[in-house]
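Here's the letter readout for the chains.
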Amino acid sequence: MVERIERETLHDKVYQSIKNSIVRNEFMPGDELTIDSLASDLGVSPTPVREALAKLSAQGLVVSTQNKKARVAGITKDDVVEIYEVRKLLEPYATRIAAEEIGGDPGLARRLEELRDRARRIGESLAEGEMDEHLFERYMDVDLGLEDLVEEALGDMLLSKVLGVIGDHSLRVRTFTEVSDGDKTAEKNNEEHIEIISRMLSGESEEIEGAVKAHLDNAEERTVEALAE
Amino acid sequence: MVDQISRETLQEKVYNSIKESIVTNDLLPEEVLSIDSLSKELGVSPTPVREALTRLSTQGLVENSRNKKAKVASIERDDVRQTYEVRKLLEPYACRLAVENLEEGSDIERELIDLKGKIEVLQRELEESEFTENGYSDYFQVDFRLGEYIEGIIGATLLGSILKLIGEHSERLRYFAEATGDEGVQEILQDNNEEHLGIINALLDRDPDAAESRVAEHLDHAEERTIAAIEAV
């Protein structure tokens, strides 16, 4: 019993680790993955790696090429359009509702203000120089922090769960653009985040939806451009 | 080993059985759940029933606070509003997509035509007040199938997974009005049938605008009826 549970946890960890690397674009679309190297990097035997790759292949994140190799699945324009379609249907509205909740909760409002402060400082850093790994982390933290705050404000509403599913699916596409395009994308996205947060704090419902919709339109365009390069 | 497997299966069965009763509104919102009666009805000991209720309470289907008797979770107006909010954001658009992706001469198209026929039969029966138990279950099947076909046409997409998630979340609300109404039920079924027919026609006519607006209207009415039914219970 105890052994079996330990083995399951290990397999799960291997799966999560590889999946995370793909979703964060540390392994980029088209990258080759060898079972042996992955196993050696993770310090495990090939078996859990093979299983993890099989699972990821079923989810469309990885394509099996040969016996011991696989490739990270490509991201197509269709993938991007599909994700943004759904985001555009839900996020403008969800952000507006979240803003209403935040308006009534001083703790959440303070956190939102903090996010804006951080985003402004990131904007300043970007204006002064190039994006480095540390700045990128700070930027992603704000991006994801905003998403998390919106979900938290929505509590256990159905809307919140749905956003969670979208977030999981869209992270890979999102980080792809930032990773492959770097400065340009991050700077614009960061500005748009500041805009959205400001609208949320001032409570102008329609303007919130407008700002989110504009951001998503732009983000989609940038992503499609990044793919074409 | 064999014993262990049997025990798990029994536990699952008890859980599924109680869940089913709640989701189909056989057990109504706020109805008291007596562990004694449930175990007698199901022919099991109280333990699996108690465990099932605990599990169901983590899913929001049962209210199980200490010192109080367990109850079926209430359905608040807000629950209804929230669910329909999300459905209204997504399903009209999903139906528009379904129109654009419906292939001529496909299996799905044939099945939609079949479904249309079934609804027309149901409508005739309702008009002549010949509605039977069978008719009732046919009605549920039709509604369920229509949703499935649209999901099938959309395929294995992100939107499809989200619609599934919403479907699971809102199972209990789906047929609440039909299941709990007494007098108005006939009218509800007839109205729903009409609306389903309209949607299927829009699909078969390949009219994306009509499909989108008819689904939106259908959802508005469904929300109204569900809220009315909740307040009546």
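Keep in mind that what you see is a predicted model, and the values were worked out from it rather than measured.

What's the story with the overall build of chain B in this structure? I'm lost.
Secondary structure summary: chain B contains eleven helices and three strands in total. Taken from N to C terminus, the helices and strands of chain B fall in the order α-β-α-α-β-β-α-α-α-α-α-α-α-α. Over its C-alpha atoms, taken along the principal directions, chain B stretches across nearly 55 × 45 × 35 Å. Every one of the 233 residues in chain B was classed for burial, and the buried ones make up 44%. The long-range fraction of contacts in chain B, counting pairs at least 24 apart against all pairs at least 6 apart in sequence, stands at 76%.

Explanation requested: the domain arrangement of chain A in the structure shown.
Accessible area lost on assembly of the parts is the figure often given for the size of an interface. Residue and element names in this part refer to chain A. Partitioning chain A into structural domains gives domain 1 (2-72) and domain 2 (77-228). Each of domain 1 and domain 2 was reduced to a C-alpha centroid, and the two centroids are 29 Å apart. Listed per partner, the contact involves eight residues of domain 1 and seven residues of domain 2. Contact with domain 2 buries area across many residues of domain 1, yet Val23, Arg24 and Asn25 alone supply 60% of it, more than any other trio. The interface formed by domain 1 and domain 2 holds three residue pairs in polar contact (both at pLDDT 80 or more) in total. By residue class, the composition of the side of domain 1 that touches domain 2 is six nonpolar, one polar and one charged.

Would you take a moment to explain the sheet that holds strand β3 (residues 69-72) of chain A for this structure?
The pairing of strands in a sheet happens through backbone hydrogen bonds and is either parallel or antiparallel. Residue and element names in this part refer to chain A. Pairing is antiparallel in the open sheet, where three strands are placed in the order β1-β3-β2. Edge strands, defined here as strands with exactly one partner in the open sheet, are β1 (32-34) and β2 (62-64). Sheet twist, expressed as the average angle between the axes of neighbouring strands with direction ignored, equals 35°. Of the strand pairs in this sheet, β2 and β3 are connected by three bridges, and their pairing is antiparallel. Considered in β3, the bridge of Val62 is made with Val72.

Quick notes on the rules
- Residues numbered from 1 in each chain as written.
- Chains lettered and ligands numbered in written order.
- Predicted model: local features only at pLDDT ≥ 70, side-chain atom pairs only at ≥ 80, totals over all residues.
- Heavy atoms only, no water.
- Helix = DSSP H or I, 4+ residues; strand = E, 2+ residues; numbered from the N terminus.
- Buried < 20%, exposed > 50% of the residue type's maximum accessible area, 1.4 Å probe, protein only.
- Contact = heavy atoms within 4.5 Å.
- Domains from an automatic or database assignment.
- Buried area = accessible area lost by both parts, 1.4 Å probe.
- Polar contact = N/O pair within 3.5 Å; in protein donor to acceptor, adjacent residues only side chain to side chain.
- Nonpolar A, V, L, I, M, F, W, Y, C, P; charged D, E, K, R; others polar.
- Pairing = 2+ DSSP bridges.
- Axes fitted to C-alpha atoms, helices over the stretch in contact; angles between N-to-C directions.

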